[in-house]
Amino acid sequence: LIMFCRNQVKKGRQYDCRLMLFCFFFLFLVSSANAQNYIHYTTDNGLPSDELYNGLQDKKGFILINSKDGLIRFDGTNFKLFDVDDGLTENEVIVSEIDKQGTVWLSPFNGSVCTYKDGKIENASTDSILSKINRRLNKIDFVAVGKSTSGQAIFFQRKAKKFFVVDKDSIKEYKINVGYIQGIF
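Bear in mind the structure is a predicted one, so any value in this text is a computation, not a measurement.

(A) Structural view of the sheet that holds strand β2 (residues 63-67). An order of β1-β2-β3-β4 is seen for the 4 strands of this open sheet, with the pairing classed as antiparallel. Of all the strands in the sheet, the pair left with one neighbour each is β1 (52-57) and β4 (79-82). For this sheet the average axis-to-axis angle between neighbouring strands, irrespective of direction, equals 25°. Pairing analysis gives 4 bridges linking strand β3 (residues 70-74) to β4, with the strands arranged antiparallel. In the strand pairing of β4, leucine 71 is matched with phenylalanine 82.

(B) How the structure looks around the pattern of salt bridges. For the coordinates displayed, the defined rule picks out 6 salt bridges. Notably, a salt bridge pairs lysine 60 with aspartate 118, separated by 3.0 Å at the nearest N-O pair. Taken as a pair, lysine 60 in the loop between β1 and β2 and aspartate 118 in the loop between β7 (114-117) and β8 (120-122) lie far apart in primary sequence, 58 residues in all. By relative accessible area, aspartate 118 is classed as exposed at 56%.

(C) Molecular detail of the side chain of threonine 115. Here threonine 115 is to be found in strand β7. Residues contacting threonine 115, with those up to four places away along its chain left out, are Thr103, Val104, Trp105, Leu106, Lys120, Ile121, Glu122 and Leu130.

(D) Molecular detail of the packing of aromatic side chains. Counted according to the given criterion, the structure contains 6 aromatic pairs. With a centroid separation of 5.2 Å and an interplanar angle of 65°, the aromatic rings of tyrosine 41 and phenylalanine 74 are classed as edge-to-face. Of the two residues, tyrosine 41 sits in the loop between α2 (14-33) and β1 while phenylalanine 74 sits in strand β3, which places them 33 residues apart along the sequence. For tyrosine 41, a relative accessible area of 26% translates into the label partly exposed. Ring geometry for phenylalanine 163 against tyrosine 174: centres 5.0 Å apart, planes inclined by 20°, an arrangement best described as stacked. Residue phenylalanine 163 is found in strand β11 (residues 162-167), and its partner tyrosine 174 is found in strand β12 (residues 170-175); the two are separated by 11 residues along the sequence. Look at tyrosine 174 and you get partly exposed, because its relative accessible area is 35%.

What counts as what
- Residues numbered from 1 in each chain as written.
- Predicted model: local features only at pLDDT ≥ 70, side-chain atom pairs only at ≥ 80, totals over all residues.
- Heavy atoms only, no water.
- Pairing = 2+ DSSP bridges.
- Helix = DSSP H or I, 4+ residues; strand = E, 2+ residues; numbered from the N terminus.
- Axes fitted to C-alpha atoms, helices over the stretch in contact; angles between N-to-C directions.
- Salt bridge = Lys/Arg side-chain N within 4 Å of Asp/Glu carboxyl O.
- Buried < 20%, exposed > 50% of the residue type's maximum accessible area, 1.4 Å probe, protein only.
- Contact = heavy atoms within 4.5 Å.
- Phe/Tyr/Trp six-rings, centres within 6.5 Å; stacked < 30°, edge-to-face > 60°.

In short, shape yes, function no, at least from these values alone.
Below you can see the structure in the form of structure tokens.
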């Protein structure tokens, strides 16, 4: 770059040289300002599972990750694994969604629904709303979890051709009368 500028000055093109030096200096500043340190977590340095599905951030700032071994909570430094010993109905948590009240709705692979809130897992045996929801679910069909535009939890079962909307303590069930459903989210 310095040799190029010397040649440009000799040719009377000082403007080109100054512009090039400015651009180089600007690019250097931008690239160094955006440099970030990343930590690659694996099971060797604390990550409890090597098969992760998706994740979200709760209202307290925790990162919650669905995995084949349970729900993983990450506080920025440490991982905590929630599994069947903590109240999940099955370790493999496929999908999660957070509603407007801050409840994280979990869909384990076994066709049930659980929740996570304030560091605790609830299931059908510990929560009356979950008991009502799980009694209505078709256990042979995976439960997709989503959120309405108003922040309500929505559960969808493709084979059963129905979905549920949960708002606080009420559950509304809707039947879908179509031949085939790929998804509603």
